Amino acid sequence: MRNEPLVMIVDDEGSIRTFLRIALVKQGYRVLEVADGRGALSMGASHMPDLVILDLGLPDIDGIDVLRTIREWYAAPIIILSARGKDHDKIAALDAGADDYLSKPFSVGELLARVRVAFRHAASTDGAVRSDMRVGDLWIDTVRRRATIGSDDLHLTPTEYKLLVYLAENAGRVLTHSSILRRVWGPTRENETQYLRVFVANLRRKIESEPANPRYLLTELGVGYRLAAEDEVAGEPP
Amino acid sequence: MERILACVSAAPSSRNVILKATQMAERTPARVVAVHVQSEHDTLRARREREVYRGEIERNLTFARDNGAEIATLSGDDVATAIIAYAELSRASHIVVGKDENTSGRRSRRRPDVAQRLIAETTQIDVHVVPGDPSDYHALPRRRERTGLRHVPRGLPLTIGLVGAATAVSTVLRSVGFTDANIVMVFLASVLAATFVGGRMQGIIASMLGVFSFNFLFTEPRFSLVVYDTQYVLTFIVMLIVALITSELLSRVRLEAVISRRRADRTVAVYRLSRALLTASGESAVIDEALDQLVRYYGGSALWYGGDPTTGAEPVIRLPHRGADRVARSGADGGPDSVDHDREVAVWAYRNARCAGAGVAPFAACPRFFAPLVSSAGVLGVLAVAITDAADGATDRAADGAAEQRTLMETFAGQVALALERERIAHDHEQAKIEIESERLKNYLLRSISHDLRTPLAGIAGSAAVLLDADADASGALPHVRELAADIHEQANWLAALVENLLSLSRIESDSTGIALTAEIVDDVVGSVLAKMRRRLTQFRVTTSLPDSVVSVPMDAGLIQQVLMNLLDNACRHAPAGATIDLGVAREPDAARFTVTDSGPGFTERDLDHLFEKFYTGRRRDGDSARGVGLGLAICRAIVEAHGGSIDASNTGDGARVCFRLPLDRAIASREPDETDEPA
């Protein structure tokens, strides 16, 4: 019983904490509820939860500051909750070390999926480089530097391949524009978001059967991109 | 608009000039300005000429006015220079001038023609020369009544007295033994004195009387008019010449004084008015001051027709004796019908935005002069004063001439119009400030309430979802709980969407500077909308189409996402389960066209007319079947229009289609990926 993962919920809204607790407990997680930033810092340090769900709009301390402080000594995944339309906060949070984010209002299913992805990544980060990666019908062979969708070979440019690998390594997680640009093109291109958008749109046309309604390469509008997690794609009709 | 200057003088060719200018103005939309140069020479001759030709000039200027020209009276020594200066100042493109533009007759022969000089001295301006008709020219009256003659009877006794006194003094001097030369001096003194007091005619009379009495009393043979010594003939002539020269000089000085006094009067009047208007605040105060100053200058009563005189509102009448400010029931200083007649003139002046009355056609007979207050926003009202004709001659003002009075009145009207316009702008500004303030407050309220609604709604929706989920596990033990939870979930989500719409609306409406546009790839927006709507769209067949090339559109992605979500939501709400919903984007030459089509029942005729109005829901609102507050499409329109785009709805025959376009030309230039990036 004690081996079940501990999730800390930090939100000042009681009703949200309640339904999150019920949903998470039902999935077999243990839950710790905290209503403010100060509580998050002290409870986090004393209980060392396995995952933190953190609302950015806290009454006492700015959520971003709480996130930065926790990140100094805490390596486990952190999922951010924030109001819609505050893209800057989300980007700042992701760049400050958050693993994922969800916009309010969000659905419970969505949240649980993100929690699962976060745990999966937490388990795999210490693992070595994988020789291949699979998301739905998308298969990437990192040894031969080759990617296929179903039985079709994808003709990717070296940069497109690099981008796809980076997304696949983080499947299910949101990657900000700037982090993708930094990782794939290097620090000098970090602000050329528009360039990245056009690039992704072209890549999408190679991967997706219906680019307007993508299954794999998902857009987090104003924030970045996300390659769908394995279970997300599986749920879709082909 | 272009300006055409028509040079107007006393010459009959001026009419041809005006007609020519008007014709030109009709061909290219242009304004005609009739320019007349008043000589600044104050020599007697110049003045006399002015006197002689004044009637012609006025007639020509009136003709110009009747042909729709503006009037500008310039003053300057040199006609050509003054016209060129004005033309450059007013950026005129054409000057029309008559061939015989030198009205002054004889003098002209010594100088080059004005037309020639205009041609020679302008570079940027087209000069058109219109031939005159010399036969008309000679028909002009050459001489008018000379000034000064009228005063003869009054000054005569004085002149006789002066010469008598000189004679008496001379008699004394002669008896003491003074010579003729000294006696002539005394007579000269009397001539000077007579001219000084009585004017030129008196001077001439005095010199004749002087010569007569000198001849009669002091030259040999005395007491006869016979002259023996021819030297005396010279004395007479000299005396006469001295008298003439002196009188000429004196009268010139005097006229100068009169003219400069009138000019000073006018300047003071204009200055006084502008100062009074400057301190006046509020429209009624401006009018009050204006009427005061008009009464003060023109002597008669002054009238003000505020706004459109056709509405029948009574004019404000200011009578010469202060304080008698009242609304006229009967004519204030005209006949009993004068009010109605005045109104007629006022209406004409208002409609045509031109001066009328007091010698100006078409109401030349009306004693009052009506000047419309023309501003950039149209005619603000009509001011009227009584113009006293020179013939009545009672006041000094009258001597100024009706033309000057009218010109001055036009100046006054211009000043008052400016002041009124200033007041209106100030008032509008104040009003706009109040409106902006209240709009801001409204938006602030809307925003903060919506913000506060968001969090609890997220809680309610989430709780309901968990409840739904929990019940599913309990394998339908409590079907009514599941039903209730589903309802709560649905309603909370709907409310949350409404709150988002309200927030978007308040954001567009409060942001007067416009929304911030960034270049977004169409694919991204469509994809993220479909991802968000996935659960909602499961019961439908969704098809999509994108342009072949990657299109980047300048937009606020959050707001456009909202538009697409609203449109898809509408389609889901009105189309039956299993229907097809198509979301397509196509590239047009200068816009991206987004289309949402469903195979539902389509819009009704009535819907199509009101679809994009706020709070229009279309379907009858029985129970909660139609939950729309009617904000969805109104917000879509507001958002699309804020992007400079357009939105419209139509029926395809087997469903409804809403289509909106976002312009591409506001693009933040998109960069294509490097072509050097070769396939692996």
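Here goes a summary of the coordinates provided.

Calculation rules
- Residues numbered from 1 in each chain as written.
- Chains lettered and ligands numbered in written order.
- Predicted model: local features only at pLDDT ≥ 70, side-chain atom pairs only at ≥ 80, totals over all residues.
- Helix = DSSP H or I, 4+ residues; strand = E, 2+ residues; numbered from the N terminus.
- Buried ≥ 20, exposed ≤ 12 C-beta atoms within 10 Å, placed from the backbone.
- Contact = placed C-beta atoms within 7 Å.
- Pairing = 2+ DSSP bridges.
- Nonpolar A, V, L, I, M, F, W, Y, C, P; charged D, E, K, R; others polar.
- Core = buried A, V, L, I, M, F, W, Y, C linked by C-beta atoms within 7 Å.

1. Brief notes about the overall build of chain A
- If you tally the helices and strands in chain A, you get nine helices and twelve strands.
- Across the 238 residues in chain A, those meeting the buried criterion constitute 42%.
- Pairs at least 24 apart in sequence give 55% of the contacts found in chain A among residues at least 6 apart.

2. Comments concerning the overall build of chain B
- Of the regular secondary structure elements, chain B holds 18 helices and 17 strands.
- With 680 residues in all, chain B has 36% of them scored as buried.
- Taking the intrachain contacts of chain B between residues at least 6 apart in sequence as the baseline, contacts between residues at least 24 apart amount to 68%.

3. Here's the deal with the environment of A:Asp65
- Note that A:Asp65 resides in helix α3 (residues 63-73).
- Taking C-alpha positions, A:Asp65 is 9.3 Å from A:Ala93, a pair spaced 28 residues apart along the chain.

4. Things to note about the sheet that holds strand β11 (residues 217-220) of chain A
Residues and elements named next belong to chain A.
- Spatially, the three strands line up as an open sheet ordered β10-β12-β11, and their pairing is antiparallel. Since the sheet does not close on itself, it has two edges, and those belong to β10 (175-176) and β11, each with one partner.
- Note that β11 and strand β12 (residues 224-227) share four bridges and pair antiparallel. Bridging from a neighbouring strand, leucine 218 pairs with arginine 226 of β12.

5. Thoughts on the interface of chain A and chain B
- With 38 residues of chain A at the contact, the number on the chain B side is 42 residues.
- With eight residues, the top contributor of residues to the side of chain A that touches chain B is helix α8 (residues 193-207) of chain A.
- Residues of the side of chain A that touches chain B, tallied by class, amount to 19 nonpolar, twelve polar and seven charged.

6. So, the nonpolar core
- Counting 121 residues, the largest nonpolar core has A:Leu54 and B:Leu568 as its most contacted members.
- A total of nine residues in this core trace back to one element, the largest contributor, which is helix α16 (residues 557-574) of chain B.
- Excluding its chain neighbours within four sequence positions, the residues that come into contact with A:Leu54 are A:Val10, A:Ala40, A:Gly63, A:Val66, A:Leu67, A:Ile78, A:Ile80 and A:Leu81.

7. As for the pairing of strand β4 (residues 94-98) of chain B
Residues and elements named next belong to chain B.
- A large share of β4 lies buried, amounting to five of its five residues.
- Alternating positions in β4 separate into two faces, His94, Val96 and Gly98 on one and Ile95 and Val97 on the other, with burial throughout.
- Bridge analysis of strand β1 (residues 2-7) against β4 gives three bridges, and the strand direction is parallel. Across the sheet, residue leucine 5 finds its bridge partner in β4, namely isoleucine 95.
- Of the strand pairs in this sheet, β4 and strand β5 (residues 126-130) are connected by five bridges, and their pairing is parallel.

Keep in mind that these numbers describe shape and distance, not what the molecule does.
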